[in-house]
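Here are the chains, one letter per residue:
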Amino acid sequence: MIWVEILAAVVVILTFWSLIPRDEWWIRGADFPRLQILALGLLAFILLIFWPNPWDLQRELIFVALIAALAYQLKMVLPYTFVWKKQVQTVSHEQLQPERQISLLVSNVLTPNTQYHLLIAQITQLKPDLVLTLETDQCWQQALQVLEADYPYCVPIPLDNLYGMHLYSRLKLIDTEVKFILSDEIPSIHTTVLLLSGQPVQLYCLHPKPPSPTEAKDSTLRDAELLIIGDQIKELDQSCIVMGDLNDVAWSRTTRLFQRISGLLDPRVGRHYVNTFHADYPFLRWSLDHVFHSTDFALIQMQRLPHIGSDHFPIYVKLQTGRLFEQQQEELEQTDADEQEAQIAIQEGIEKAEREEKIVTDEIAQDYKNEKQ
């Protein structure tokens, strides 16, 4: 019986540990394995109920705490199942308009991975309009040169530090910028994509550092970069897509705040998980790769693609824009507290960047520095 109670106590501790409002990796890490914690909690719940030992005060207290922990974990993960209301509509067959569509493939390839042909085969088969590769170095750039005949617009950033990225596009790109917002090592791509209809779509491609003992000791820079982009997006009056490996899960405090600040939607809500990491361990997976979009987009197709030798699965998303969708789909409601929390996180990120990474000179972040002064 003691082992069942210990299992239940671990689930309770991990659940409420994730509520601590701190950025250290050993706290923020509890955001990631909510499905796994929930599974262990349900096992402990069943064992506590049916274990033949007589009930005592300790067992009763642990049982009550476990119920509270399970309720919280369910609140976090249920929105990404079919039981929840869809945040993004499905485009019906009658509504399909190819000139208003855009298809996206996002793949963290894992720099040492040399199975280039697996990703190329997926791209050849699906023919997405945009391909974003992450962790791509010079070797990957050379291997992916075969795409350039079909993808005339390319933004190459080959790096050896696991944060290189390449954007390939069939659609015209304009006003393209490569930015290093809070770190000289972490690029992001900011560009405008022109659909076949001529409609411009603002695109952000991101890959911030994860909070981990081997990468960033805390999530401060990751959170600040994501919230800076979200704060910029809310001022836009045009279609918008954010995609990439955000090194954060959809249900985390920061990602949910990003959605409320930016007004972008998540097509996974009300449908299913798209757990992309870790590709080699089926019981240790969560969503690290994301596609968020403005309210004028609805979903045609979304799927996780087969293994390509990386520790991430690629994802494929196909969207269509339309005024009807914009009228019917609602942004998440932002509060004054959300705005205040976001601005505090942004300022903390800028201060940390200037203290440890670099002098922040990018014009996007510079605006926030000027505001504080």
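Along each chain, residue indices are assigned from 1 in the same order as the chain's sequence is written. Reporting of local features is limited, given that this is a predicted model, to residues whose pLDDT is at least 70; pairs of side-chain atoms are given and counted only at 80 or more, and all residues count toward the totals for whole chains, interfaces and linings. Note that the side-chain values use all heavy atoms of the structure and ignore hydrogens as well as water.

Q: Help me understand the overall build of the protein, please; the structure alone is not making it clear to me.
A: Along its length, the protein carries eleven helices and eleven strands. Here the radius of gyration uses the C-alpha set of atoms, whereas the globule reference equals 2.2 Å times the residue count to the power 0.38. Taken against the 2.2 N^0.38 rule, which gives 21 Å for 373 residues, the C-alpha radius of gyration of the protein at 22 Å falls within 12% of a compact globule. Expressed along its principal axes, the backbone C-alpha trace of the protein runs to roughly 70 × 55 × 45 Å. In the protein, which comprises 373 residues, the proportion classed as buried is 56%. Every residue pair with non-hydrogen atoms within 4.5 Å of one another is taken to be in contact. Intrachain contacts of the protein at a sequence separation of at least 6 include 71% that bridge at least 24 residues. Total accessible area on the protein is roughly 16700 Å²; 58% of this is exposed by carbon and sulfur atoms. Side chains of the protein give 30 positive and 49 negative charges; the mean places of these two sets differ by 4 Å. Strands are runs of DSSP state E lasting at least 2 residues, helices are runs of H or I lasting at least 4, and numbering of each runs from the N terminus. Each residue gets one of three labels from its accessible area relative to the maximum for its type: buried under 20%, exposed over 50%, partly exposed in between, using a 1.4 Å probe on protein chains only. Methods summary: accessible areas were calculated by the Shrake-Rupley approach with a probe of 1.4 Å, and residue burial reflects only the protein chains presented. Only four residue types enter the tally: Lys and Arg on the positive side, Asp and Glu on the negative side; His and the chain ends are excluded. To locate a charge, take NZ of a lysine, CZ of an arginine, CG of an aspartate or CD of a glutamate.

Q: How do you make sense of the layout of surface pockets when you look at a structure like this?
A: Rolling a probe over the atoms, with the probe sized like a water molecule, indicates the empty space that remains. Here a cavity means grid points, on a 1 Å grid over the protein atoms only, where a 1.4 Å probe fits yet cannot get out; a pocket means an open set of points with protein on both sides within 12 Å along at least five of seven lines; lining residues are those with an atom within 4 Å of a point. Grid points are joined across faces, edges and corners, and a volume is the space filled by probe spheres set on the points. Quantified by volume, the largest pocket comes out at close to 550 Å³. As for the largest pocket, its lining consists of 19 residues, of which Trp84, Lys85, Gln87, Val269 and Leu332 are closest to the centre. The biggest single contributor to the lining of the largest pocket is helix α8 (residues 253-262), with three residues. Among the residues forming the lining of the largest pocket, the class breakdown is seven nonpolar, five polar and seven charged. Gly counts as polar in this scheme, as do all residues outside two lists: the nonpolar Ala, Val, Leu, Ile, Met, Phe, Trp, Tyr, Cys and Pro, and the charged Asp, Glu, Lys and Arg.

Q: Whenever I open this one, the packing of aromatic side chains confuses me. Can you help?
A: Each aromatic ring pair is described using two quantities: the centre-to-centre distance and the angle formed by the ring planes. Under the pairing criterion, centres of Phe, Tyr and Trp rings, with the six-membered ring standing for Trp, must be within 6.5 Å; the plane angle then separates stacked pairs below 30 degrees from edge-to-face pairs above 60, leaving the rest tilted. On inspection of all chains with the given rule, the structure shows nine aromatic pairs. Centroid distance Phe277 to Trp286: 6.4 Å. Interplanar angle 45°. Geometry classified as tilted. Residue Trp286 is classed as buried on the basis of its relative accessible area, which comes to 15%. Taken together, the aromatic side chains of Phe32, Phe277 and Trp286 make up a single cluster linked through ring pairs. A positively charged side chain is recorded as over a ring if its NZ (Lys) or CZ (Arg) lies within 6 Å of the ring centre. The angle to the ring normal must also be within 35 degrees. The residue whose ring lies beneath Arg170 is Tyr151, and the NZ or CZ to ring-centre distance is 4.5 Å.

Q: How should I be thinking about the pairing of strand β9 (residues 289-293) in this particular structure?
A: The two faces of a sheet get side chains in turn, since along a regular strand they alternate between them. Judged by how many residues are buried, β9 sits mostly within the fold: five of five residues are covered. Across the two faces of β9 the burial is the same, with Asp289, Val291 and His293 and His290 and Phe292 all buried. In the sheet, strand β8 (residues 239-245) pairs with β9 via five bridges, with the strands oriented antiparallel. What sits directly across from Gly244, in β9, is His290. If DSSP finds at least two bridges between two strands, the strands pair.

Q: In this structure, what is going on with α8? I would like to understand it.
A: It helps to recall that an α-helix has 3.6 residues per turn; residues three or four apart then point in one direction. Burial runs high along α8: seven of the ten residues are buried. When α8 is considered as a whole, its buried residues turn out to be Thr254, Thr255, Leu257, Phe258, Gln259, Ile261 and Ser262. Backbone geometry just downstream of α8 places Gly263 in the positive-phi region, at approximately 80°.

Q: What is the right way to look at the environment of Leu42 in this model?
A: Relative to the helices and strands, Leu42 resides in helix α3 (residues 34-50). For the pair Leu42 and Leu66, spaced 24 residues apart in sequence, the C-alpha to C-alpha distance is 9.0 Å.

Q: Whenever I open this one, empty space enclosed by the protein confuses me. Can you help?
A: Summed over the entire model, instances satisfying the criterion amount to two cavities of 30 Å³ or more. Its volume calculated, the largest cavity comes out at about 60 Å³. At the level of elements, β9 and β11 (315-321) are the ones that each hand at least two residues to the lining of the largest cavity. For the lining of the largest cavity, the leading source of residues is β9, giving three residues. Classifying every residue of the lining of the largest cavity by side-chain character gives six nonpolar, one polar and two charged. Approximately 40 Å³ is the volume found for the second largest cavity. Residue lining of the second largest cavity: Tyr80, Ala250, Trp251, Arg268, His272, Tyr273, Val274 and Ser287, and that is the complete set.

Q: Would you take a moment to explain a nonpolar patch on the surface for this structure?
A: Like-charged residues are merged into a patch within 9 Å and nonpolar side chains (Val, Leu, Ile, Met, Phe, Trp, Tyr) within 5 Å, provided each residue has over 30% relative accessible area and no salt bridge. The working definition used for a salt bridge is a side-chain nitrogen of Lys or Arg within 4 Å of a carboxyl oxygen of Asp or Glu. There is a patch of nonpolar side chains on the surface, built from Ile2, Trp3, Ile6, Val10 and Leu14 and spanning about 500 Å² of accessible area. With respect to the element layout, Val10 can be found in helix α1 (residues 2-17). Taking the relative accessible area as the measure of exposure, Val10 reaches 38% and is therefore partly exposed.

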